[in-house]
Amino acid sequence: MRDAVTSLIKNYDVAGRYFDRNAIDSLKSYFESGTARVQAAGAINSNAASIVRQAGSRLFEEQPELIRPSGNAYTTRRYAACLRDMDYYLRYATYALVAGSMDVLDERVLQGLRETYNSLGVPIGPTVRGIQILKDIIKEQVTAAGVANTAFLDEPFDYMTRELSEQDI
Ligand SMILES: CCC1=C(C)/C(=C/C2=NC(=C\c3[nH]c(/C=C4\NC(=O)[C@H](C)[C@H]4CC)c(C)c3CCC(=O)O)/C(CCC(=O)O)=C2C)NC1=O
């Protein structure tokens, strides 16, 4: 698992090169955004359970068929599994935010996930929507916590939805 700094070091070391202007710029941007990223993680962590509950309610309000008898989130067990998955997406998104790298998502979340979902009939479209709702909610909360520019929060959520949506079935 890598973060923004170790990825950069690895790339430059492979080429046997000192950091150049590009590397220095990306290091600067990583460290300059560090406080905001850590602040965001703090705001998310202290509210994670409630964020997941809210995101679940919004998703099931928009797509009530998911929790009807023919829906994939029907039954208490599957409903709980769905919210647990949302909790995974939120927790790993905060890791990726702090790391400044999506590597942790590839390694711990996305590997083999589409295959698992396909084999269990977990619908990808509504899952992607659930991840977007999580993103909307945390942007509201992180803004409320006093972080002015929240654009950086998009990346892990957009990354997961992009990777999950690449349908090959
Ligand atoms: C940390 C990385 C990680 C992820 C991401 C993960 C996902 C994951 N979700 C699963 C199931 C599931 N996932 C869902 C999710 C949903 N169903 C819906 O209709 C909604 C759209 C959606 C919620 C938003 C459901 C309902 C199941 C249970 C399906 C079943 O057993 O029939 C399973 C199958 C095994 C299990 O039930 O635990 C995995 C592996 N596991 C992991 O270790």
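Residues numbered from 1 in each chain as written. Predicted model: local features only at pLDDT ≥ 70, side-chain atom pairs only at ≥ 80, totals over all residues. Heavy atoms only, no water.

Q: What is the right way to look at the packing of helix 3 (residues 34-45) against helix 5 (residues 76-99) in this model?
A: Two measures define how a pair of helices packs: the angle their axes make with one another and the distance between the axes. Running from amino to carboxyl end, helix 3 crosses helix 5 at an angle of 165°, the nearest separation of the two axes being 9 Å. When the axes of helix 3 and helix 5 are compared, the pair comes out roughly antiparallel. Note on packing geometry: the crossing formed by helix 3 with helix 5 is left-handed. Between helix 3, through Arg37, Ala41, Ile44 and Asn45, and helix 5, the contact on the second element is made entirely by Leu90, Thr94, Leu97 and Val98. Each residue belonging to the contact of helix 3 with helix 5 can be placed in one class, and the counts come to five nonpolar, two polar and one charged. (Axes fitted to C-alpha atoms, helices over the stretch in contact; angles between N-to-C directions. Helix = DSSP H or I, 4+ residues; strand = E, 2+ residues; numbered from the N terminus. Parallel < 35°, antiparallel > 145°, perpendicular 65-115°, else oblique. Left-handed = near helix turned anticlockwise from the far one by under 90°. Contact = heavy atoms within 4.5 Å. Nonpolar A, V, L, I, M, F, W, Y, C, P; charged D, E, K, R; others polar.)

Q: Whenever I open this one, helix 9 (residues 154-165) confuses me. Can you help?
A: In an α-helix, one turn spans 3.6 residues, which is why side chains three or four residues apart end up on the same side. End to end, helix 9 covers 16 Å across twelve residues, agreeing with the expected 16 Å (1.5 Å per residue, within 8%). Among the residues of helix 9, those classed as buried are Pro156, Phe157, Tyr159, Met160, Thr161 and Leu164. Packing partners of the buried residues in helix 9 comprise helix 5, helix 6 (103-110), helix 7 (113-120) and helix 8 (124-144). (Expected span 1.5 Å × (residues − 1). Buried < 20%, exposed > 50% of the residue type's maximum accessible area, 1.4 Å probe, protein only.)

Q: When you look at the packing of helix 5 against helix 9 in this model, what are you seeing that I'm missing?
A: Running from amino to carboxyl end, helix 5 crosses helix 9 at an angle of 120°, the nearest separation of the two axes being 9 Å. Considering their axes alone, helix 5 and helix 9 lie oblique with respect to each other. Judged by residue contacts, Tyr89, Leu90, Ala93, Ala96 and Leu97 of helix 5 engage Pro156, Phe157, Met160 and Leu164 from helix 9. Classifying every residue of the contact of helix 5 with helix 9 by side-chain character gives nine nonpolar, no polar and no charged.

Q: What is the right way to read the site of the ligand from this model?
A: Near the ligand there are 23 residues, and of these Asn72, Arg77, Cys82, Arg84 and Asp85 occur at the shortest range. One of the side-chain N or O atoms of arginine 77 is found 3.1 Å from an oxygen atom in the ligand. With respect to the ligand, the side chain of aspartate 85 contributes an N or O atom lying 2.7 Å from a nitrogen atom. Out of a free accessible area of 890 Å², the ligand has 81% covered by protein chains. (Near = heavy atom within 4 Å. Polar contact = N/O pair within 3.5 Å; in protein donor to acceptor, adjacent residues only side chain to side chain. Areas by Shrake-Rupley, 256 points an atom, 1.4 Å probe, with all protein chains shown as cover.)

Q: Could you clarify how one ought to interpret the pattern of salt bridges in this entry?
A: Any two side chains of opposite charge can pair, so long as their charged atoms come close to each other. Scanning the entire structure with this criterion turns up seven salt bridges. A salt bridge links arginine 108 to glutamate 107, with the nearest nitrogen and oxygen atoms 3.6 Å apart. You can call glutamate 107 partly exposed: its relative accessible area is 34%. For aspartate 158, the salt bridge goes to lysine 135, with nearest N and O atoms at 2.7 Å. Here aspartate 158 is found in helix 9, whereas its partner lysine 135 is found in helix 8, with 23 residues between them in sequence. For aspartate 158, a relative accessible area of 26% corresponds to the partly exposed category. Residue classification places lysine 135 among the buried residues on the basis of a relative accessible area of 14%. (Salt bridge = Lys/Arg side-chain N within 4 Å of Asp/Glu carboxyl O.)

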